[in-house]
Number of protein chains: 2
Amino acid sequence: MYFGDGLKPIAEELAKKQREISVAEFFEKNKHILGFDSSTRAILTAVKEAVDNALDACEEAHVMPEVFVEIAQAEKKGVYTLRVEDNGPGIVKQQLPNVFGRLLYGSRFHAIRQSRGQQGIGISAAVLYSQLTTGKPTKVVSKIADDRPAHVCHLMINTRQNMPEIVEEDITHWDKPHGTSVEFEIIGKYLRDSKQSVYEYLKNTAIVNPHARMVFKEPDGTITTFERVAEAMPKPCTEILPHPHGVEIGTVMKMLANAKARKLGAFLQTSFCRMSQRTADEMCLKAGLSPNTKPEELSVEQITALVNAFKNVKLMAPPTDCLSPIGEILLKRALKRNAGQEIEFAASVTRAPSVYSGNPFLVEAAIAYCPSMPKDQQISIMRFANRVPLLYQQGACLMTHGIESVDWRRYGLEQRGGKGIP
Amino acid sequence: MYFGDGLKPIAEELAKKQREISVAEFFEKNKHILGFDSSTRAILTAVKEAVDNALDACEEAHVMPEVFVEIAQAEKKGVYTLRVEDNGPGIVKQQLPNVFGRLLYGSRFHAIRQSRGQQGIGISAAVLYSQLTTGKPTKVVSKIADDRPAHVCHLMINTRQNMPEIVEEDITHWDKPHGTSVEFEIIGKYLRDSKQSVYEYLKNTAIVNPHARMVFKEPDGTITTFERVAEAMPKPCTEILPHPHGVEIGTVMKMLANAKARKLGAFLQTSFCRMSQRTADEMCLKAGLSPNTKPEELSVEQITALVNAFKNVKLMAPPTDCLSPIGEILLKRALKRNAGQEIEFAASVTRAPSVYSGNPFLVEAAIAYCPSMPKDQQISIMRFANRVPLLYQQGACLMTHGIESVDWRRYGLEQRGGKGIP
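Just so it is clear, the model here is predicted, and its values are computed rather than measured. (Residues numbered from 1 in each chain as written. Chains lettered and ligands numbered in written order. Predicted model: local features only at pLDDT ≥ 70, side-chain atom pairs only at ≥ 80, totals over all residues. Heavy atoms only, no water.)

Colleague: I'm lost on the relation of the copies chain B and chain A in this one. Help?
Modeller: Placing chain B over chain A gives an RMSD of 0.0 Å and needs a rotation angle of 180 degrees, together with 0.0 Å of translation along the axis. The relationship between the two copies is best expressed as a two-fold rotation axis. Most of the interface of chain B is mirrored in chain A: 100% of its interface residues are interface residues there too. (Least-squares fit on C-alpha atoms with pLDDT ≥ 70 in both. Contact = heavy atoms within 4.5 Å.)

Below, the structure is given as structure tokens:
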């Protein structure tokens, strides 16, 4: 197809405009995907990302977390300074700009084990939002050992390249033996009395992280301390291999292409969990393949047959040491602390683990009843995933729908028509 | 903080795991963000992305679109072959692998004008989903002019690098003078009678694209033709400069850093729309800056003052030639064709444009009433953005809430309590 002059195909003209888009530019334009879709939510999301990182880092280093969250009114109206400080292991100088100044940079993306942050995107999205709304750099202080100096770095993100730009860096004295502090300014709205407030988020975080101590300082100076109710760290999570149930053909193809094992049988045993030699042989047999086939020689059809065989062989459920359940006792204890009033009844359950798409998961639930709860108000539902409170999109939440479908009138609660939230 | 042996800080050990995550790996793991969250939705999303591209390409080349969509049951149960063919300008050989085999690669990301696809992500996400679920490459045929051969390319995405991998390529004869055809296999569920079916999507697409002719072949062989009701292309959209109202500080900083103009006054006039010399001078005055300042010398504080001045100077609304409204007459005509029955009443409105975050937008709405509509069924609400039907998340839709809040009983419709969808 040619232009009017008939000299050059239109496609050649259009091709000139085609180019790579950086992931930072993409998320700058699509900030709603990352939770920065409104000025109230922006503050919550920024705090959440920093607190998630703080708790994850502490757990990786087996430190009882002490997290300090401070939100202060900045000089200009409508601008807030957010600071989150932890006592985690710190971040080495060379990696610090990458961790805070690049989207999709992290350590937990490929690991199959429970953690709060996984994508290597959250905290740099907060840095991005800060510079977009205020034009200012983010300040990070980090110290990795008592006998080393703390490293201070003011950085921004070069969105065109998705790379950090260090505005200023230095070393400094910090009383803490180790830890990280991140501080940014963002334009946002600070609301205290909302279901989706930072206060509510921290209160809920305390419930599912009974081993963490958190201190929160609000813009008006109010200080709230969430004391820990557990004196021991949760059992550390171990990274596991993928479970054969639920893996996709494309994933197996990629694993085969990067296989170190020379034979299919060995590949299966070293690449998946719950795969003994006997099971691997059975899989191969069902797929019509020899365990001695070279992994790189399998055709798409053979791989498809193999993945189908995965589904047709009974396997043990995946090991659960990649999960970090809170446990029934601590859940109850945390609920009681949270209620701050007499509880007549509390129950909790930690279910057996199951597997989805190769990833193990388990469900924990707890319920508490206080006789002094106001009768004319709805009960409060707290939802969590990976020890992180979920404060948005309750309408799309299966747990909420589950609660709504129970006839709570039998239990003496008020509920119009026996449906909905009592 | 040291390990038990006290020799090496833990942070140094943790740093070893930190690495870049490719955008393809990210979206492979987070496919729900791109609309591939269930096996029914996957088919719809894949078709939608290909049709969006087809219509956009035709409009860019000023061709009346002829789009052919075919969904066929593949050899294996639960696997479907999707093919979408257009008569657009085609894609040059060198760019074809990038367009289909890289996420975040495209031509419309930075342009401020209405188009369906913007992110350079949709069609490559479909390629990614296809290879993930079936392990197979995508086949693309494209021809850019009658006197050139068509180019055939079978490609996959190297997710670790977010780069295309060409499995096979060739030239071929194609009767069409120009156009593109894309074909992939995906594991999915094909449902015909659902509000969120491909059929429904194409029917709705026809309403807001009255200039397009679309033919749809379903797995059972049924062929539906959506004939065009407009014999002329929509007025082409022109790319515009950003409007000063609603731009963020970070965006202006980036524009200033890349400014070609040597003086602030000239920068303002050449970088924004609706910015005359008089307006630019007024902005500078309000911000306490001289129009002769060098753009690269502005401090963050000065840029903040400038962006605040943007908000305090009255400006003309942005030009609307970057938008492509359907128009009241065509909207009514399309609704009538769609109803396929006698319409007693139809009305439509195209509102004046407004601006959000520097981007102009306008609202169009139409309503039709057929006396023969079944009384015991809800009315049907069709929602669109940029001439693309919205079939998901109706619960979060403002237009739907608007309709629900009207007391339709006054208009003779049945509506319990005068609220909700009549």
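Colleague: In this structure, what is going on with the sheet that holds strand β8 (residues 179–187) of chain B? I would like to understand it.
Modeller: Paired through their backbone hydrogen bonds, the strands of a sheet run either parallel or antiparallel. Residue and element names in this part refer to chain B. The sheet built from eight strands is open, its strands ordered β7-β6-β5-β8-β3-β2-β9-β10 with mixed pairing. Whereas interior strands pair on both sides, the edge strands pair on one side only; in this sheet they are β7 (163–172) and β10 (223–226). Taking each pair of neighbouring strands and ignoring which way they run, the sheet shows an average axis angle of 15 degrees. (Pairing = 2+ DSSP bridges. Helix = DSSP H or I, 4+ residues; strand = E, 2+ residues; numbered from the N terminus. Axes fitted to C-alpha atoms, helices over the stretch in contact; angles between N-to-C directions.)

Colleague: How should I be thinking about the packing of helix α3 (residues 39–60) of chain B against helix α6 (residues 198–208) of chain B in this particular structure?
Modeller: How two helices pack is summed up by the angle between their axes together with the distance between the axes. Residues and elements named next belong to chain B. Look at α3 against α6: their axes get within 10 Å of each other, and the N-to-C directions meet at 25 degrees. Classified by the interaxial angle, the pair formed by α3 and α6 is roughly parallel. The crossing of α3 and α6 is right-handed. Taking contact as the criterion, the partners of Ile43, Leu44, Val47, Lys48, Val51, Asp52 and Leu55 in α3 are, on α6, Val198, Tyr201, Leu202 and Thr205. (Parallel < 35°, antiparallel > 145°, perpendicular 65-115°, else oblique. Left-handed = near helix turned anticlockwise from the far one by under 90°.)

Colleague: Just to check I follow, could you spell out the packing of aromatic side chains for this structure?
Modeller: Two aromatic rings, taken as a pair, are described by how far apart their centres are and by the angle between their planes. Under the defined criterion, the tally for this structure stands at 16 aromatic pairs over all chains. Aromatic pair Tyr199(B) and Phe226(B): ring centres 6.0 Å apart, planes at 50 degrees, arrangement tilted. With a gap of 27 residues between them, Tyr199(B) in helix α6 and Phe226(B) in strand β10 connect regions that are remote in the sequence. Grouped by ring-pair contacts, the aromatic residues Phe26(A), Phe27(A), Phe26(B) and Phe27(B) constitute a single cluster. Directly above the aromatic system of Tyr392(A) lies the positively charged group of Arg41(A), at a separation of 3.9 Å from the ring centroid. For Arg192(A), the ring lying beneath its charged end belongs to Tyr199(A), and the centroid distance is 4.4 Å. (Phe/Tyr/Trp six-rings, centres within 6.5 Å; stacked < 30°, edge-to-face > 60°. Lys NZ or Arg CZ within 6 Å of the ring centre and 35° of its normal.)

Colleague: Before we go on, may I ask you to explain the sheet that holds strand β6 (residues 150–158) of chain A in this structure?
Modeller: All names here are of chain A. Spatial ordering of the open sheet is given by β7-β6-β5-β8-β3-β2-β9-β10, a layout of eight strands whose pairing is mixed. Taken across any chain shown, the strands that pair with only one partner, and hence form the sheet edges, are β7 (163–172) and β10 (223–226). Taken pair by pair, the neighbouring strands of this sheet meet at an average axis angle of 15 degrees, ignoring direction. By the bridge criterion, eight bridges tie strand β3 (residues 79–86) to strand β8 (residues 179–187) in an arrangement that is antiparallel. Residue pairing across strands places valine 84 opposite valine 182, the latter belonging to β8. Each of β3, β5 (138–143), β6 and β8 touches helix α5 (residues 122–134); the most contacted strand, β8, lies at about 35 degrees to it.

Colleague: Is there a simple way to think about the pattern of salt bridges in this case?
Modeller: Taken as a whole and judged by the stated rule, the model has 53 salt bridges over all chains. In this structure, Glu12(A) and Arg148(B) form a salt bridge, with 3.2 Å as the shortest nitrogen-oxygen distance. Taken together, the residues Glu12(A) in helix α1 (residues 10–15) and Arg148(B) in the loop between β5 (138–143) and β6 (150–158) connect one chain to another. Residue classification places Glu12(A) among the partly exposed residues on the basis of a relative accessible area of 26%. Judged by relative accessible area, which is 33%, Arg148(B) ranks as partly exposed. (Salt bridge = Lys/Arg side-chain N within 4 Å of Asp/Glu carboxyl O. Buried < 20%, exposed > 50% of the residue type's maximum accessible area, 1.4 Å probe, protein only.)

Colleague: What should I look at first to understand the domain arrangement of chain A in this one?
Modeller: How big an interface is tends to be expressed through the accessible area that disappears when the partners come together. Domain parsing of chain A yields domain 1 (24–190), domain 2 (244–312) and domain 3 (328–418). When each unit is reduced to the centre of its C-alpha atoms, the spacing between domain 2 of chain A and domain 3 of chain A is 41 Å. (Domains from an automatic or database assignment.)

Colleague: Can you walk me through the nonpolar core in this structure?
Modeller: Here is a general trend for soluble globular proteins: nonpolar side chains tend to be buried in one another's company. One finds Val51(A), Phe100(A), Leu103(A), Val51(B), Phe100(B) and Leu103(B) to be the most contacted residues of the largest nonpolar core, which totals 106 residues. Residues contacting Leu103(B), with those up to four places away along its chain left out, are Val23(B), Ala24(B), Phe27(B), Leu34(B), Gly120(B), Ile121(B), Ser124(B), Ala125(B), Leu128(B), Ile157(B) and Asn162(B). Counting residues in hydrophobic clusters, the runner-up holds 26 residues, among them Met253(A), Met255(A), Ala309(A) and Leu315(A). (Core = buried A, V, L, I, M, F, W, Y, C linked by side-chain atoms within 4.5 Å.)

Colleague: Any chance you could explain the packing of α3(B) against helix α5 (residues 122–134) of chain B here in plain terms?
Modeller: Residues and elements named next belong to chain B. Their axes nearest at 8 Å, the elements α3 and α5 cross at an angle of 140 degrees. Crossing geometry of α3 relative to α5 is assigned as left-handed. Only Gly122, Ile123, Ala126 and Tyr129 of α5 make contact with α3, whose side of the interface consists of Ala42, Ala46, Glu49, Ala50 and Asn53. Grouping the constituent residues of the contact of α3 with α5 by class yields six nonpolar, two polar and one charged. (Nonpolar A, V, L, I, M, F, W, Y, C, P; charged D, E, K, R; others polar.)

Colleague: Whenever I open this one, the environment of Leu128(B) confuses me. Can you help?
Modeller: Residues and elements named next belong to chain B. Its place among the elements puts leucine 128 in helix α5. The class of leucine 128 is buried, set by a relative accessible area of 4%. As a C-alpha pair, leucine 128 and glycine 101 span 27 residues in sequence and 8.1 Å in three-dimensional space. With sequence-adjacent residues up to four places away left out, leucine 128 is seen in contact with Ala24, Phe27, Glu28, Leu103, Ile157 and Thr159.

Colleague: What is the right way to read the interface of chain B and chain A from this model?
Modeller: Taken residue by residue, the interface counts 71 residues in chain B and 71 residues in chain A. Our count for the chain B to chain A interface comes out at 19 residue pairs in polar contact (both at pLDDT 80 or more). Breaking the side of chain B that touches chain A down by element, the ones donating at least two residues are α1 (10–15), β1 (19–20), α2 (23–29), β4 (105–106), α5, α7 (249–257) and α10 (300–312) of chain B. Broken down by element, the residue count for the side of chain B that touches chain A peaks at six residues, all from α2(B). Looking at side-chain class alone, the side of chain B that touches chain A contains 29 nonpolar, 23 polar and 19 charged residues. (Polar contact = N/O pair within 3.5 Å; in protein donor to acceptor, adjacent residues only side chain to side chain.)

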